[in-house]
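# Structural overview
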Amino acid sequence: MSFVFIPFIIIGLFVLISSFFVVKQQTAAIIERFGKFQSIRQSGLQLKIPLVDRIAGRLSLKIQQLDVIIETKTLDDVFVRLKVSVQYKVISQKVYDAFYKLDYPHDQITSYVFDVVRAEVPKMKLDDVFVKKDDIALAVKAELNDAMSDYGFDIIKTLVTDIDPDAQVKEAMNRINASEREKIAAQFEGDAARILIVEKAKAEAESKRLQGQGIADQRREIARGLEESVEVLNRVGINSQEASALIVVTQHYDTLQSLGEETNSNLILLPNAPQAGSNMLNDMVASFAASNQIGEAMKEARAKKKE
């Protein structure tokens, strides 16, 4: 007799167990009774009437993301592919609208994204699309919020995550960028070359100035030495002309001696004959005499003018 009740006990346990169900965190369960909406159950252990109530569906209340790929044309007639990422979630107070008003929310969101992007991008040039991608994202979000809030969806954020022009356009843009960089590099190289030339000229000018100063100092010291030599010779009864000639001849032979000490020297001093010294002395004496005569004549002419 007890075996007769076993099936009823099993059925009773099955019905009792099926009366309980669990709703996960950040999820909402829609309960229908005989096909009609009954209630919305939140997370936790829930109870329903067996064979009368059923779980019609579950909606996640988490933030979800939908990636939409759109191909459109810019103001400068360049075809470009944009990837727009839409982050959205079901409003917990509007689970009924989100479940019953839309069968395919992804398709609805995609349609609005296409509509907005293809209305905004053709107003911009390709460069502006890259610069103003945030403006495109804001326009998409504003349109979606107005449209989807009635259906129980909240648009959290929209992002233009990728802008992909045609391959030939990208290659042309890269060539333009490379040309601009080469132009800038050439300008820098030209500036560097000009600075190098200027600095080199300054260095050469400074070198020549110092060289001239050195030569001037050398000649000044030579003149001072000659003056002292003439004074010494004057003390022993040699006049200035003879002293100057003697000094010149002495320097001439000193130069020949120093050249002879250099074994690898290729310098040839002309004239270099034995009588060169006497000829040089005679020429100097004659020039000194002529200069004295010219000086005396100039003094007499000045005196006559004064008279």
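Described below are features of the structure shown in this document. (Residues numbered from 1 in each chain as written. Predicted model: local features only at pLDDT ≥ 70, side-chain atom pairs only at ≥ 80, totals over all residues. Heavy atoms only, no water.)

Before going further, it helps to examine the overall build of the protein chain. Helix and strand counts for the protein chain come out as eight helices and eight strands. Contacts in the protein chain between residues far apart in sequence, at least 24 positions, make up 63% of those at least 6 positions apart. As displayed, the protein chain has an accessible area near 21700 Å², and 57% of this comes from carbon and sulfur atoms. (Helix = DSSP H or I, 4+ residues; strand = E, 2+ residues; numbered from the N terminus. Contact = heavy atoms within 4.5 Å. Areas by Shrake-Rupley, 256 points an atom, 1.4 Å probe, with all protein chains shown as cover.)

Together, Asp115, Glu143, Asp146 and Asp150 make up a negatively charged patch on the protein surface. As for its position among the elements, Asp146 is in helix H5 (residues 133–148). (Patch = residues over 30% accessible without salt bridge, like charges linked within 9 Å, V, L, I, M, F, W, Y side chains within 5 Å. Salt bridge = Lys/Arg side-chain N within 4 Å of Asp/Glu carboxyl O. Lys, Arg positive; Asp, Glu negative; His and termini not counted. Charge placed at Lys NZ, Arg CZ, Asp CG, Glu CD.)

The next subject is the packing of helix H3 (residues 105–120) against H5. The interhelical angle for the contact between H3 and H5, taken along N-to-C directions, is 135 degrees, at an axis separation of 9 Å. Judged by the angle between their axes, H3 and H5 are oblique. Crossing hand, H3 versus H5: right-handed. Between H3 and H5, the residues in contact are Pro105, Gln108, Ile109, Tyr112, Val113, Val116, Val117 and Glu120 and Ile136, Ala139, Val140, Glu143, Leu144, Ala147 and Met148, respectively. Of the residues in the contact of H3 with H5, the class split is 12 nonpolar, one polar and two charged. (Axes fitted to C-alpha atoms, helices over the stretch in contact; angles between N-to-C directions. Parallel < 35°, antiparallel > 145°, perpendicular 65-115°, else oblique. Left-handed = near helix turned anticlockwise from the far one by under 90°. Nonpolar A, V, L, I, M, F, W, Y, C, P; charged D, E, K, R; others polar.)

This next bit is on the nonpolar core. Core analysis: the biggest nonpolar cluster contains 34 residues, and Leu82, Ile109, Val113, Val117, Ile136 and Leu144 have the highest contact counts within it. Where this core is concerned, the elements lending two or more residues are strand S2 (27–33), strand S6 (64–73), strand S7 (79–90), helix H2 (95–100), H3, helix H4 (126–131), H5 and strand S8 (153–165). If you tally residues by element for this core, the top one is S7, at six residues. Aside from chain neighbours lying at most four places away, what touches Val113 is Val68, Ile70, Val84, Val86, Val140 and Leu144. (Core = buried A, V, L, I, M, F, W, Y, C linked by side-chain atoms within 4.5 Å. Buried < 20%, exposed > 50% of the residue type's maximum accessible area, 1.4 Å probe, protein only.)

Let's shift gears to the sheet that holds S8. With antiparallel pairing, the three strands of this open sheet are ordered in space as S6-S7-S8. Two strands in the sheet have a free side with no partner beyond their single neighbour: S6 and S8. Neighbour to neighbour, the strand axes of the sheet diverge by 20 degrees on average, direction disregarded. Sheet analysis places S7 next to S8, joined by 11 bridges and oriented antiparallel. Residue pairing in the sheet places Val90 in a bridge with Phe153 of S8. Against the sheet, H3 contacts S6, S7 and S8, and its axis sits at roughly 35 degrees relative to S6. Here H5 sits on the sheet and contacts S7 and S8; the angle it forms with S8, its principal contact strand, is near 145 degrees. (Pairing = 2+ DSSP bridges.)

Let us look at the packing of aromatic side chains. Under the counting rule described, the total for this entry stands at five aromatic pairs. Aromatic side chains Phe37 and Tyr96 sit 4.9 Å apart centroid to centroid with 70 degrees between the ring planes, which places their arrangement in the edge-to-face category. With Phe37 in strand S3 (residues 36–41) and Tyr96 in helix H2, the pair connects residues that are 59 residues apart, well separated along the chain. Seen from their ring centres, Phe99 and Tyr100 are 4.9 Å apart, and the 85 degrees between their planes marks the pair as edge-to-face. Ring pairing ties together the aromatic residues Phe37, Tyr96, Phe99 and Tyr100, which thus form one cluster. (Phe/Tyr/Trp six-rings, centres within 6.5 Å; stacked < 30°, edge-to-face > 60°.)

Here the focus is a nonpolar patch on the surface. Taken together, the side chains of Ile9, Leu13, Leu16, Ile17, Phe20, Val22, Leu45 and Leu47 present a nonpolar region at the surface, about 830 Å² in accessible area. It is helix H1 (residues 2–18) that contributes the most residues to the nonpolar patch, four residues altogether. The class of Leu47 is partly exposed, set by a relative accessible area of 49%.

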